[in-house]
Structure formats: structure tokens, C-alpha cells
Amino acid sequence: MKGEGKRSRGRCLAYVAAFIVFQTAIILAFALIVMRIKTPKVRFGAVSVENFSTGNSSSPFFDMRLMAQVTVKNTNFGHFKYENSTIKILYGGMQVGEVAVVKARARARQTKKFNVTIDISSANLSSNSNLGNDIATGVLPLSSEAKLSGKVHLLKVIKKKKSAGMSCTMGINLGTRAVQDLKCK
């Protein structure tokens, strides 16, 4: 009978030790997978051109309206609240268009999509010798920049500041009035 008590205590200690190891593994997996906060991604989804006009006379110009779908992909287990921001369209490093992005929230593990309309004009460009050449070749190279700053909220307790950035390049085919080679980083 004396041996049975020692065996049952040994088994009980083994079960407690196994339970502690199991709980530690679960907590470690939770901390490494769920609590890891990643930077959300912002990109252009689809872009189309409307109200398009160009001129290749002695003073080349372009005016157009871009209709773009913007996607904010949040891969975190908490929602991403971002503040008001802007999307800038650039030609040759100079700003030719801008649109405001109102503050919103991308839900946990989802992609938020919204549409923007961007009016683009070469009126603010200085005399750029490349503009006439680009219009003559039939493809107008544009780029875009945006930065959405906000916080990722995990479990309504943990808040971590993150900034989602966008840098896209595209070419506007002047013959077909379509966007080609849209690449975002």
C-alpha cells in the first residue's frame, strides 16, 4: 500500500507538468501567430481613364480624370484605423494630381476597397521637355504615392502604430486611353 501513494503522486506530478508544458506551447503559439502585428498594404486595384485630352503643339499638355479602386489589405487579427491622408499622382517627380482619403477602418483579416476620382492636369508643370516626347510616343508614364498612418487594435487592449505605404507606376496609353503596366510596391 505504501508504494501506491508514491505512484499516484508521481502520476499527478507528471500530469501537472504535461499540462504546464501544453499551456506554455499554446500561449507561445498565440503570441507568435496572433499577436504579431504586420504592416497593412495599400494598393490600386483597378484604374480607368475618363475625360481625356492631350495636346502636342508648341506647348504640350494633358488633362484627364482617373477612376481608381484603392484596396487596404489588413492581415492582422485586429482592425486597422487610419487617419485622413492623400494620394498623389506624379509625372516626372512633379505632382499633377491629388485626392483626399478620409479616415476609416479596415477590419481584421479583411481588405477594404473604396473608389476615388483623381483629376490630373499638366498645368502646374514647368516647361518639361519630356512631356512632348512622351505624348509623341503614345504612353504617358505616371506614378503614385500614398501613406496611410494609423493604429492596429488587437483585442481592444493592444494598440500599435503602423503606416501603410503605396508606390505605384503606370503608363497611360494615349491611343487606347487605357492604363497599362500598373505595378505597385
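Residues numbered from 1 in each chain as written. Predicted model: local features only at pLDDT ≥ 70, side-chain atom pairs only at ≥ 80, totals over all residues. Heavy atoms only, no water.

1. Considering the pattern of salt bridges
- Tallied over the full model, the rule gives 1 salt bridge.
- The residue aspartate 119 makes a salt bridge to arginine 65 at a minimum N-O spacing of 2.7 Å. With aspartate 119 in strand β7 (residues 110-121) and arginine 65 in strand β2 (residues 61-74), the pair connects residues that are 54 residues apart, well separated along the chain. (Salt bridge = Lys/Arg side-chain N within 4 Å of Asp/Glu carboxyl O. Helix = DSSP H or I, 4+ residues; strand = E, 2+ residues; numbered from the N terminus.)

2. Details of the UniProt feature "transmembrane region" (unreviewed entry) in the protein chain
- UniProt records the feature "transmembrane region" (unreviewed entry) for residues 12-35 in the present numbering.
- Each end of residues 12-35 is marked by a C-alpha atom, and these two atoms are 33 Å apart; helix forms 92% of the span and strand 0%. (UniProt positions renumbered as here; feature names shortened; annotations may be inferred.)

3. Looking at the domain arrangement of the protein chain
- For the protein chain, the assigned domains read domain 1 (1-35) and domain 2 (37-184).
- In this assembly, 4 residues from domain 1 lie in contact with 5 residues from domain 2.
- Surface buried jointly by domain 1 and domain 2 totals about 380 Å² across both partners, of which 78% is contributed by carbon and sulfur atoms.
- Looking at the side of domain 1 facing domain 2, the largest losses of area belong to Ile33, Val34 and Met35, adding up to 92% of the total buried there.
- Across the domain 1-domain 2 interface, the total number found is 0 salt bridges.
- The tally of links between domain 1 and domain 2 comes to 1 residue pair in polar contact (both at pLDDT 80 or more). (Domains from an automatic or database assignment. Contact = heavy atoms within 4.5 Å. Buried area = accessible area lost by both parts, 1.4 Å probe. Polar contact = N/O pair within 3.5 Å; in protein donor to acceptor, adjacent residues only side chain to side chain.)

4. Digging into the environment of glycine 165
- Its location among the elements puts glycine 165 in strand β9 (residues 158-173).
- With a relative accessible area of 38%, glycine 165 lands in the partly exposed category.
- Those residues in contact with glycine 165 that lie beyond four places of it in its chain are Val42, Arg43, Ala146, Lys147 and Lys185. (Buried < 20%, exposed > 50% of the residue type's maximum accessible area, 1.4 Å probe, protein only.)

5. Things to note about the state of the cysteines
- The tally for this structure, following the rule as stated, stands at 1 disulfide.
- Note that cysteine 168 is cross-linked by a disulfide to cysteine 184, the S-S spacing being 1.9 Å. The S-S bond linking cysteine 168 to cysteine 184 shows a torsion near 105 degrees; that makes this disulfide right-handed. With a gap of 16 residues between them, cysteine 168 in strand β9 and cysteine 184 in strand β10 (residues 178-184) connect regions that are remote in the sequence.
- Taking relative accessible area as the criterion, cysteine 184 reaches 27% and is therefore assigned partly exposed. (Disulfide = S-S within 2.5 Å.)

6. Quick word on the packing of aromatic side chains
- Counted according to the given criterion, the structure contains 2 aromatic pairs.
- Pairing phenylalanine 62 with tyrosine 91 gives two aromatic rings, centres 5.9 Å apart and planes at 70 degrees, and the pair type is edge-to-face. Placement of phenylalanine 62 in strand β2 and of tyrosine 91 in strand β4 (residues 85-91) is noted, with a sequence separation of 29 residues between them. Like tyrosine 91, phenylalanine 62 is buried.
- Relative to tyrosine 82, the ring of phenylalanine 80 has its centre 5.8 Å away and its plane inclined at 35 degrees; by these criteria the two rings are tilted.
- What makes tyrosine 82 buried here is its relative accessible area of 1%.
- Above the face of the phenylalanine 77 ring, arginine 109 is positioned so that its terminal group lies 4.8 Å from the ring centre. (Phe/Tyr/Trp six-rings, centres within 6.5 Å; stacked < 30°, edge-to-face > 60°. Lys NZ or Arg CZ within 6 Å of the ring centre and 35° of its normal.)

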